[in-house]
Amino acid sequence: MNKQITTSNIKVPNKDLEALRLHFPHCFDKDGNFQLEKFKNNLTEKEINFSTESYGLDWLGKSYARLLASDPATTLLKADETHNSKPENANSENLLIKGDNLEVLKHLANAYYEQVKMIYIDPPYNTGKDGFTYQDDRKFSVKELQNLIGVDAEKAKRILDFTQGKSNSHSAWLTFLYPRLYISKQLLKDEGVIFVSIDDNEVTQLRMLMDEVFGEENYIGTFIINSTPNARDYGHIGKMHEYCIFYANKLNKTETNLLEDKNKRFTFKDEKGGFNVHPLYNSNVAFTPENRENLYYPFYLNPEKQLSELGEEFYEISLTKNENHIEIYPPKSVKDGVQFVWRWGQPKSLGELNKEIVGYLTEDEEYRIVQKMRTSEKLIRSILSDKEFSSRRGTAEVEKIFGKKVFSFPKPIELLNNLIKVATDKDSIVLDFFAGSGTTGDSLFQINSEDGGNRRFILVQIPELIDQKQNKVGYNFVKKELGIDTPTIFDITKERIIRAAKKTKDVLIPNKINEKEAELKELEGKLDLEGKEEKINLLKTEIESLKHQDLGFKVFETTPIWEDYNFEAEQFDTSQTLFDTGKLTEEDLKALLVTWKTNDNISLSHDLEIVDLGGYTAFYGNGKLYLLHKNFTTENLKAILEKIDTEKAFNPTSIIAFGYHFESKSLRELSENVKQYANKKKIDIDFITRY
């Protein structure tokens, strides 16, 4: 019988260790400890060089931060059933989770491992005035911490002093952020990216920390954001900007998108629309006829045949040599005389002759081969200076949503719009574990309404109390208008997403559908248009997608694991009661189920099927059958086995029983019967007793 200690042992999977076990099993001793020297001896000097000197980031508390990243979660996850059962939320894949984001990330680590395309976070800036202090409810003695992280007593004491003393030092800030970044990296797809907003106070530390977690080679760039156009007086200098650090998970696999260039102007026009011209040759001197022979060939331009419909500068070209035609090769580099080559090979050029590539007479009276450039897109710029990126704009947006200023310095929606458009596909998951005013969720609704996408968000926000003195407007709004006795930032996050969804449903989507339907009507009226049917079908698909947008979200929150729940397998004794299960309510069992299924790689948005086993209620999903309640009988077991044989969609590969609700004898019988029963589907079923 397989026995698992799960509830109090939910950890981030260590994929690096798993890789070492897979490829170097002989480097582990019988107790599972990794033997570093043995590993080094397997790598000869010819295979790898071990550096004796290196550059890196170290701080008081780094070893403790690593402990926090690998330490088990101390909470369960429970659903807000009232909210989640509403029609708009019941089938939603968007998530809003209330709780300490470190705990939440640990809960997400299995179900969402390598599932997230983009992370955006706006962590505390540690300005000294933003309220950041390191707070930690873990209780270690100096001796315990010494043993856990391998430091001397003096260093252990210094670490405990700042972790328990509400410090806001650089070390405290790094210790706070490191485990959150470390776990979030596990959630990113290989092609995923992360954006982190910050200001001058911690930007230097953040860059080094990001290098440590994501790798210096995966740094893409830093955005400078004109967040305060009127400048803020910091003494000696008026600060106008903040930063947003941009990293890839694996740069060699990362793909990003271009942004629409709203200011783009075209010089020329043909039947397809506006265009500019760009030389067809490749100006990169690394590519020459010697290494790109297929890209070096002549075009032939007919100086007597103007393409007058385009303008007097354009001429007909071919790849066939003709008398009186002008032979044109790629030019040479003016700087060093290197011979350029074309960007297109002959087969591609042949298909686009006098369509997308044409002859062109320059102002210097030189004939060139040019490509029509129709794109109205551009790379995102590293300096975001428009007023739409300012903090004042973000404040105005929130004030418009709520009718009052309930939140200080929210991020402007255009910043998130730009980042999400650059980093995601239409079906991506976006994670923000410092959700704040909920800008990320609002932005995602807007972008999906623009392009018919199905992007989903996971937002995490701690229920931070709103200080009545510092934010009286926000406090009174939550307490009086929302009717919540203890106002928190989470309540504002949630309410903004609700209001953003309503605006998207009532205004943005109808406007976009009307726009698409008008475009469709115009297209259907055209008699002769290349690809007409394909374009019509695409528009119809987009309209249907807009009509079925996911504008809901499910809410979950962390809750402490029950007091005295500290089962240890080696201490199990059927004659003693290890935990008083009598105090567990139905709500407790539901929280246990949500926590277990998420740890078993089942997404939070996926509802388990309720299964009736002859009067006993079980829960089924993704090949796992959960038995949580008491009073399981032989008849219920028969119902399981019969269901496996007769129901096509019921194929459990694991049956998981809550050990405290079963007698030891019953568990053994269950395990043996399941193992011995030759089900008709020949499914190999694993029976697991879980605590």
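The coordinates are above.
Here goes a summary of the coordinates provided.

Procedures and definitions
Residues numbered from 1 in each chain as written. Predicted model: local features only at pLDDT ≥ 70, side-chain atom pairs only at ≥ 80, totals over all residues. Heavy atoms only, no water. Salt bridge = Lys/Arg side-chain N within 4 Å of Asp/Glu carboxyl O. Helix = DSSP H or I, 4+ residues; strand = E, 2+ residues; numbered from the N terminus. Buried < 20%, exposed > 50% of the residue type's maximum accessible area, 1.4 Å probe, protein only. Pairing = 2+ DSSP bridges. Axes fitted to C-alpha atoms, helices over the stretch in contact; angles between N-to-C directions. Contact = heavy atoms within 4.5 Å. Parallel < 35°, antiparallel > 145°, perpendicular 65-115°, else oblique. Left-handed = near helix turned anticlockwise from the far one by under 90°. Polar contact = N/O pair within 3.5 Å; in protein donor to acceptor, adjacent residues only side chain to side chain.

1. With respect to the pattern of salt bridges
And then number 1: Counted under the stated rule, the structure contains 37 salt bridges.
And then number 2: Between K411 and E242 there is a salt bridge, and its shortest N-O distance comes to 3.5 Å. Placement of the pair is K411 in the loop between α12 (391–402) and α13 (413–423) and E242 in strand β9 (residues 242–248), with a sequence separation of 169 residues. This pair shows no difference in class: K411 is buried, exactly as E242 is.
And then number 3: Here K404 and E481 are joined by a salt bridge, their closest N and O atoms 2.7 Å apart. One end of the pair, K404, is in the loop between α12 and α13; the other, E481, is in helix α15 (residues 472–481), and 77 residues separate them in sequence.

2. Describing the sheet that holds strand β1 (residues 2–4)
And then number 1: Overall, mixed pairing links the 6 strands, which are arranged β1-β29-β28-β27-β26-β25 in an open sheet. Each of the sheet's edge strands pairs with one partner strand only, and the pair in question is β1 and β25 (609–613). Geometrically, the sheet is characterised by an average inter-axis angle of 30° between neighbouring strands, direction not taken into account.
And then number 2: Helix α18 (residues 586–599) contacts β26 (616–621), β27 (624–627), β28 (654–658) and β29 (686–690) of the sheet and is inclined by roughly 145° relative to β28.
And then number 3: Along the sheet, helix α19 (residues 634–646) contacts β25, β26, β27 and β28; its crossing angle with β25, the most-contacted strand, is approximately 120°.

3. What to know about the packing of helix α6 (residues 101–108) against helix α9 (residues 170–187)
And then number 1: In the contact formed by α6 and α9, the axes pass within 10 Å of each other and the chain directions differ by 25°. Relative to α9, the element α6 lies roughly parallel. α6 and α9 meet at a crossing whose hand is left-handed. Contact residues: N101, L102, L105, K106 and L108 in α6; P179, R180, I183 and L187 in α9.

4. Points about α6
And then number 1: By the criterion of burial, α6 is predominantly enclosed, with 8 of the 8 residues buried.
And then number 2: Those residues of α6 that sit buried are N101, L102, E103, V104, L105, K106, H107 and L108.
And then number 3: For α6, the capping residue at the N-terminal end is D100, with a side-chain oxygen 2.9 Å from the backbone nitrogen of L102.

5. Observations concerning the environment of K426
And then number 1: Mapped onto the elements of the fold, K426 is located in the loop between α13 and β22 (429–432).
And then number 2: Taking the relative accessible area as the measure of exposure, K426 reaches 41% and is therefore partly exposed.
And then number 3: Considering only alpha carbons, one finds K426 and G453, 27 residues apart in sequence, at a separation of 4.4 Å.
And then number 4: Apart from residues lying up to four places away in sequence, K426 is in contact with D451, G453, N454 and R455.
And then number 5: Reaching out from K426, the side chain makes a polar contact with the backbone oxygen of D451 at a distance of 3.0 Å.

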